[in-house]
Amino acid sequence: MSPAPFPPIEPPGSSALWEGYLRAGLQAAETAPGDVGEVVGVGGRLDPASLLAAYRHGIFPMGLGEGGTPPMGWWCPRWRGVLEPGTVHVSRSLRRSLRRFTVTVDEDFAGVLAACADPDRDGFWITDAIRGAYTELHALGWAHSVEVRDDDGALVGGLYGVAIGGLFAGESMFHHVTDASKAALVGLDRLVGADGDPRRIIDVQWRTPHLGTLGVVEVHRREYLTRLEHALQAPALDLAAMVRGSR
């Protein structure tokens, strides 16, 4: 797979109808009860322009059927999991584990995506349609992978997501050995927080107990969307070049 271009390539614009649909869904979610307000749209397409428009509105796709199958749901959780760049919690044991790993960016997007999409994983939701859509986003320079390798160079963990301005929207992570997915998040945190720009955010969708141990916090949808507006104004980071330059 060819390296992701930088700066990313803007695809042909999404339709005003689609963006209006997303905005209407967000407005309706504010008055919806409980978890009903998590899904702000159903259907739609997974072309690059539609995906980027969704992320710029604080929305991400995940199928509503079993295993992520159709219909496609467009989600904006009432409570969003966010990691403030530069604030990841590194325990003593994790610090020791980090010495065993090497972290890279965009060297094996296909490998990371395939590992995250393993159908034997609990909570499997990454379908072939999702894989194809994010592979296309990667080719345009918007989707990125963080790889974690052991001393033998084997891919043992990683994550992938979408970077727009100062937003990194994490989609999925995996590990084959203990602490490898944590190492990916630590590596991402250090890269995104390197310039100290307070507008930047790392979005992890939902705060789980596991992610909470790493410093992920919950913010209400309204706060997230306000912060997103500022994050999108921050300059994009060439994450892969930053890693190469640090070696």
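Residues numbered from 1 in each chain as written. Predicted model: local features only at pLDDT ≥ 70, side-chain atom pairs only at ≥ 80, totals over all residues. Heavy atoms only, no water.

**Focus: the pattern of salt bridges**
This model, assessed by the stated rule, comprises 10 salt bridges. Note that arginine 227 and glutamate 84 form a salt bridge whose closest N and O atoms lie 2.7 Å from each other. In this pair, arginine 227 is assigned in helix H8 (residues 221–231) and glutamate 84 in the loop between strand S4 (79–83) and helix H3 (92–98), connecting sequence segments 143 residues apart. Between aspartate 179 and lysine 182 there is a salt bridge, with the nearest N and O atoms lying 3.8 Å from each other. (Salt bridge = Lys/Arg side-chain N within 4 Å of Asp/Glu carboxyl O. Helix = DSSP H or I, 4+ residues; strand = E, 2+ residues; numbered from the N terminus.)

**Overview of the sheet that holds strand S1 (residues 39–42)**
Taken together, three strands build an open sheet; the order of strands is S1-S3-S2 and the sheet is antiparallel. Every interior strand has two partners, whereas the edge strands, S1 and strand S2 (60–63), have only one. Along the sheet, successive strands turn relative to each other by an average axial angle of 35°, direction set aside. Both S2 and strand S3 (residues 72–75) contribute to a ladder of four bridges, which runs antiparallel. Bridge assignment links proline 61 to a residue of S3, and that residue is tryptophan 74. Across the sheet, helix H1 (residues 16–29) touches S1 and S3, and the angle it forms with S1 is around 145°. (Pairing = 2+ DSSP bridges. Axes fitted to C-alpha atoms, helices over the stretch in contact; angles between N-to-C directions. Contact = heavy atoms within 4.5 Å.)

**Quick notes on the pairing of strand S6 (residues 143–149)**
Counting buried positions along S6 yields seven of seven residues, so the element is predominantly enclosed. Bridging between strand S5 (residues 102–105) and S6 involves four bridges; their strand directions are antiparallel. Of the residues in S6, the one forming a bridge with valine 103 is valine 148. Two strands pair when backbone bridges link them, and S6 and strand S7 (residues 155–164) are joined in this way by seven bridges, in the antiparallel orientation. (Buried < 20%, exposed > 50% of the residue type's maximum accessible area, 1.4 Å probe, protein only.)

**Quick word on a nonpolar patch on the surface**
Side chains of Tyr21, Val42 and Leu64 sit close together on the surface and give an oily, nonpolar patch of about 250 Å² of accessible area. By the secondary structure assignment, valine 42 is in strand S1. (Patch = residues over 30% accessible without salt bridge, like charges linked within 9 Å, V, L, I, M, F, W, Y side chains within 5 Å. Areas by Shrake-Rupley, 256 points an atom, 1.4 Å probe, with all protein chains shown as cover.)

**Considering the packing of H1 against helix H2 (residues 48–56)**
Remark: H1 packs on H2, axes separated minimally by 10 Å, with the N-to-C direction vectors making an angle of 30°. Here H1 lies roughly parallel to H2, going by the angle between them. Between H1 and H2 lies a crossing of right-handed hand. Residues Trp18, Glu19 and Leu22 of H1 form the contact with H2, whose own contacting residues are Ser50, Ala53 and Ala54. Tallied by class, residues from the contact of H1 with H2 come to four nonpolar, one polar and one charged. (Parallel < 35°, antiparallel > 145°, perpendicular 65-115°, else oblique. Left-handed = near helix turned anticlockwise from the far one by under 90°. Nonpolar A, V, L, I, M, F, W, Y, C, P; charged D, E, K, R; others polar.)

**Some points on the side chain of glutamate 171**
Structurally, glutamate 171 can be placed in strand S8 (residues 167–175). The charged side chain of glutamate 171 is buried without a salt bridge, its nearest counter-charge being arginine 80 at 7.4 Å. Polar contacts involving the side chain of glutamate 171 include one to the side chain of tyrosine 55, which spans 2.5 Å. (Lys, Arg positive; Asp, Glu negative; His and termini not counted. Polar contact = N/O pair within 3.5 Å; in protein donor to acceptor, adjacent residues only side chain to side chain.)

**Points about the layout of surface pockets**
Of the voids in this model, the largest pocket is the one considered here, and its volume is about 520 Å³. Lining the largest pocket are 22 residues, with Glu171, Ser172, Met173, Val204 and Leu211 positioned closest to its centre. Secondary structure elements with two or more residues in the lining of the largest pocket: S7, S8, helix H6 (180–192), strand S9 (201–205) and helix H7 (209–212). A per-element tally of the lining of the largest pocket places S8 first, with five residues. Across the lining of the largest pocket, the residue classes break down as 13 nonpolar, six polar and three charged. (1 Å grid on protein atoms, 1.4 Å probe; cavity = no way out; pocket = protein on both sides within 12 Å on 5 of 7 lines; lining within 4 Å. Points joined across faces, edges and corners; volume = space filled by probe spheres on them.)

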